[in-house]
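Each chain, letter by letter, is given below.
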Protein chains: 2
Amino acid sequence: MSGDGGRKHWIGFDLGGTKMLALVLNEAFEKIARKRKKTKAHEGSEAGLGRIVRTIEGALGEAGLNKDELCGIGIGSPGPLDLKRGMILDTPNLGWRNVPLKATVEEAFGCPVVVANDVDAGTYGEYRLGAGKQARCVVGIFPGTGIGGGCVYDGRLIQGHTNSFMEIGHIPIQPGGPLCGCGRHGCLESVASRLVVSASAAAAAHRGDAPHLHEAAGTDLADIRSGALAAAIQAGDTVVEQIVRESARWVGRAAATAVNLLGPDIVVLGGGLVEAMPELYREEVAATARSLVMPSFEDSFEVAVATLGDDATALGAAAWAERSLRSAAV
Amino acid sequence: MSGDGGRKHWIGFDLGGTKMLALVLNEAFEKIARKRKKTKAHEGSEAGLGRIVRTIEGALGEAGLNKDELCGIGIGSPGPLDLKRGMILDTPNLGWRNVPLKATVEEAFGCPVVVANDVDAGTYGEYRLGAGKQARCVVGIFPGTGIGGGCVYDGRLIQGHTNSFMEIGHIPIQPGGPLCGCGRHGCLESVASRLVVSASAAAAAHRGDAPHLHEAAGTDLADIRSGALAAAIQAGDTVVEQIVRESARWVGRAAATAVNLLGPDIVVLGGGLVEAMPELYREEVAATARSLVMPSFEDSFEVAVATLGDDATALGAAAWAERSLRSAAV
């Protein structure tokens, strides 16, 4: 059936640090095919661009579609980005600089390509297709190895004039707090990221305070991932639970800040820590945020767990491409 | 010339805690007349509505215009507000509740009325006519007795789904900080408002550490206003200067938070403390904010002092009314 349906399909693409994902979507943004590849960032950006194109080709093949059936392609990428030119400027994550994502993919597939920050795309996905449907204002917070944020307001992503925005992981949350990866002190990430949680948990394991974690994952940060933390809590390591709740309280403090500034209907939580311990994490964030926002805001917002999981960025990138191309056409 | 020019003029109105101000503006938002009255909030909201109507009538009279020459009226009011219905819900400032501002003024003048939060209107005024002209994103921070905030993004005020937003005075800035007027602890206002500065300065005066302030204003908070603080610094009270700089550093921390979240081109500072000590305050806010934002944002924003002074809210309310009515007409 390929080639005869006009341009009705979308590609949503998620360029991750370790994996890339292409989804083929129909007009209703239902998934009709998917393709995953390893990113292999160390092979460099030119090889990476080739892998991106081949991943999309693979997904199209899986769906039995030709490239002339595509309306457009949305790509969620780590930043900082140049949104207009669709370039990766510099990603510490991938080690790539000045990568012409948009130009390369447009040339390969002959349709418009829209590039967005990966967390923004995920937040937009939750707004269009997930936990934040119908909301006027969605704030997304994604605590994982880093802590990303996004905001959809009146149907559009908030994107500052700079090439990155909603850097909620780097708001100064603890005066005089610990050194952050960005070089500042006391950023949200420096007190609440999965790395910080894992480091505290590793120390607890080393001290003998988290025996289940110690047995299952040892004391190497690289092995103490969100799933291992969740399993240790399940098994009875109450110290690990306290450490995770401490992280959630800092995130709740950041959520209160975002609520006071932006007045969202809903705060959507995603990312590794939340996916592994959704109810524990959500509850602690919500309770903390409610205790810190302006009293008149206390009941003005929901705190919900993201529903799109690993597909959020790819789905959101496609939906945002559709939205951007639609408003550009008006 | 009255009555024959069609609808070409605007009223900008600022409903303040002690004074109200009506400006008559031409198509280019140039001021052609102004009228001030005391608010006399204690006389109640019905009397207040009457005074609002008479103030606008007075300004129109001054300009030699009839009400049928008005395109619309913009009112900046303390909140919380119901923006759609143009109602004051409850203002601790005035002690008024459920006041039908929009309905009353529309009936009196037969033209559309748009109500906005006073600080939002001031921020929008700075965006349209003041320090933030041409910016994609303006964040306004107004440290005075309280600390208000506003944000214009892509030509529009950010207004949450709740009836108040950009409550930057109540972002939790100091974990475990002092009790705030809102009932929480450690809000920006609780460590940086003019009241806090005055209280610290009064204590310094009482201790004998601020002799000029003590001589000029005593130790009564009610007398230690921004002007008195500025004069004491000029006269050589270095402790007062340190206290003001401490406030500015907290505001700089809040500005860094807003920059990380919203990526503004410009942060505009206004309000009593800033007007009294513009360069000292601006410099300290800017230096602190630059030292705390994500390093890649360090040179992405300006920090400027508001230029519209006391007219910012009235001017901004009129310009926002024009913007709102224009987009409603599309």
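Scroll up for the structure.
Just so you know, these numbers come straight off a predicted model, no measurement behind them.

Looking only at helices and strands, chain A features eleven helices and 13 strands. For a compact globule of 330 residues, the expected C-alpha radius of gyration is about 20 Å, and chain A comes in at 20 Å, within 12% of that figure. On the principal axes, the C-alpha backbone points of chain A span a range of 65 × 45 × 35 Å. When the 330 residues of chain A are sorted by exposure, 58% land in the buried category. Considering only contacts within chain A whose residues lie at least 6 apart along the sequence, 64% involve residues at least 24 apart.

Residues and elements named next belong to chain B. Under the counting rule described, the total for this entry stands at six aromatic pairs over all chains. Each ring, one from Tyr124 and one from Tyr127, has its centre 5.5 Å from the other, and the planes form 45°; the classification is tilted. With Tyr124 and Tyr127 both in helix 3 (residues 118-129) and three residues apart, this pair spans about one turn of that helix. Residue Tyr124 is classed as buried on the basis of its relative accessible area of 1%. When its relative accessible area of 16% is taken as the criterion, Tyr127 is described as buried. Between Tyr124 and Trp320, the ring centres sit 5.1 Å apart and the planes meet at 70°, which makes this aromatic pair edge-to-face. With a gap of 196 residues between them, Tyr124 in helix 3 and Trp320 in helix 11 (residues 312-329) connect regions that are remote in the sequence.

Every contact between the two is made by 43 residues of chain B and, on the other side, 43 residues of chain A. Taken together, both faces of the contact between chain B and chain A bury some 3,900 Å²; the carbon and sulfur share is 60%. Run the count over chain B and chain A and you get four salt bridges. Among the salt bridges present, the one from Arg156 of chain A reaches Asp154 of chain B, with a minimum N-O distance of 3.2 Å. The interface formed by chain B and chain A holds 22 residue pairs in polar contact (both at pLDDT 80 or more) in total. Counting only elements with at least two residues in the side of chain B that touches chain A, the list comes to strand 11 (156-157), helix 8 (238-262) and helix 10 (278-292) of chain B. Of all the elements, helix 8 of chain B adds the most residues to the side of chain B that touches chain A, at seven residues. Here the residues of the side of chain B that touches chain A are counted per class, giving 21 nonpolar, 13 polar and nine charged.

This next bit is on the sheet that holds strand 7 (residues 96-99) of chain A. Residues and elements named next belong to chain A. Across the sheet, three strands lie side by side as 5-6-7; this open sheet has antiparallel pairing. This sheet does not close on itself; its edge strands, each paired only once, are strand 5 (81-82) and strand 7. Sheet topology places strand 5 next to strand 6 (residues 87-91); two bridges connect them, and they run antiparallel. Among the inter-strand pairings, Leu81 is bridged to a residue of strand 6, identified as Ile88.

Right, let's talk about the packing of helix 1 (residues 45-63) of chain B against helix 2 (residues 101-109) of chain B for a bit. Residue and element names in this part refer to chain B. For the pair helix 1 and helix 2, interaxial distance at closest approach is 10 Å and the crossing angle is 40°. In terms of axis orientation, helix 1 runs oblique to helix 2. Both helix 1 and helix 2 take part in a crossing whose hand is right-handed. From helix 1, Leu49, Ile52, Val53, Ile56, Glu57 and Leu60 reach across to helix 2, where they touch Leu101, Thr104, Val105, Ala108 and Phe109.

As a further point, take unusual backbone geometry. As a rule of thumb, non-glycine residues mostly have phi less than zero, and peptide bonds are mostly trans rather than cis. All names here are of chain A. Note the cis peptide between Gly79 and Pro80, where omega equals 0°. A positive phi angle, close to 50°, is found at Asn98, a residue other than glycine. Summarising the element assignment, Asn98 is placed in strand 7. Positioned with a positive phi, Asp154 is a non-glycine residue whose angle comes to about 50°. Here Asp154 is to be found in the loop between strand 10 (147-153) and strand 11 (156-157). Judged by relative accessible area, which is 30%, Asp154 ranks as partly exposed.

Note on terminology: disulfide describes a covalent bond linking the sulfur atoms of two cysteines. Residue and element names in this part refer to chain A. Following the criterion strictly, the structure yields zero disulfides over all chains and no others. There is no disulfide at Cys137, and the cysteine sulfur nearest it, in Cys151, is 4.0 Å away. Overall, the relative accessible area of 0% leaves Cys137 in the buried class.

The two copies are related by a screw operation: chain B maps onto chain A through 180° of rotation and 0.0 Å of translation along the axis, at an RMSD of 0.0 Å. Such a combination of turn and shift is consistent with a two-fold rotation axis. Here 100% of the interface residues in chain B have copies in chain A that are interface residues too; the copies meet face to matching face.

Rules of the game
In this numbering scheme, every chain counts its residues from 1 along its sequence in written order. A letter from A marks each chain and a number from 1 marks each ligand, given out in the order of writing. The predicted nature of this model means local features are confined to residues of pLDDT at least 70 and side-chain atom pairs, given and counted, to a pLDDT of 80 or more, with totals for whole chains, interfaces and linings taken over all residues. Neither water nor hydrogens contribute to the side-chain values; these are computed over all heavy atoms in the structure. Helix numbers and strand numbers start at the N terminus; a helix is a DSSP run of H or I with at least 4 residues, a strand a run of E with at least 2. A radius of gyration in this sense is built from C-alpha atoms; the matching globule rule multiplies 2.2 Å by the number of residues raised to 0.38. Accessible area is worked out with a 1.4 Å probe on protein chains only. A residue is then buried under 20% of its type maximum, exposed over 50%, and partly exposed in between. In this description, contact between two residues means that some pair of their heavy atoms is separated by no more than 4.5 Å. Two rings from Phe, Tyr or Trp (for Trp, the six-membered ring) form a pair when their centres sit within 6.5 Å of each other. Planes less than 30 degrees apart are called stacked, planes more than 60 degrees apart edge-to-face, and all others tilted. Defined in terms of a 1.4 Å probe, buried area is the accessible area two parts forfeit on being brought together, summed over both. Salt bridge, as used here: a side-chain nitrogen of Lys or Arg that lies within 4 Å of a carboxyl oxygen of Asp or Glu. N or O atoms closer than or at 3.5 Å make up a polar contact, with two conditions inside protein: a donor-capable atom paired with an acceptor-capable one, and, for residues adjacent in sequence, both atoms drawn from side chains. Ten residues, namely Ala, Val, Leu, Ile, Met, Phe, Trp, Tyr, Cys and Pro, are considered nonpolar, four, namely Asp, Glu, Lys and Arg, are considered charged, and the remaining ones, Gly among them, are considered polar. Paired strands, as defined in this entry, are two strands with at least two bridges between them according to DSSP. In this analysis an axis means a line fitted to C-alpha atoms, helices contributing only their contacting stretch, and an angle means the value between N-to-C directions, from 0 to 180 degrees. Every angle not falling under 35 degrees, over 145, or within 65 to 115 is termed oblique; those three ranges are roughly parallel, roughly antiparallel and roughly perpendicular. Left-handed describes a crossing in which the near helix is turned anticlockwise from the far one by less than a right angle; the clockwise case is right-handed. The criterion for a disulfide is a pair of cysteine sulfur atoms lying within 2.5 Å. To superpose the copies, least squares is applied to the C-alpha atoms of every residue with a pLDDT of at least 70 in both.

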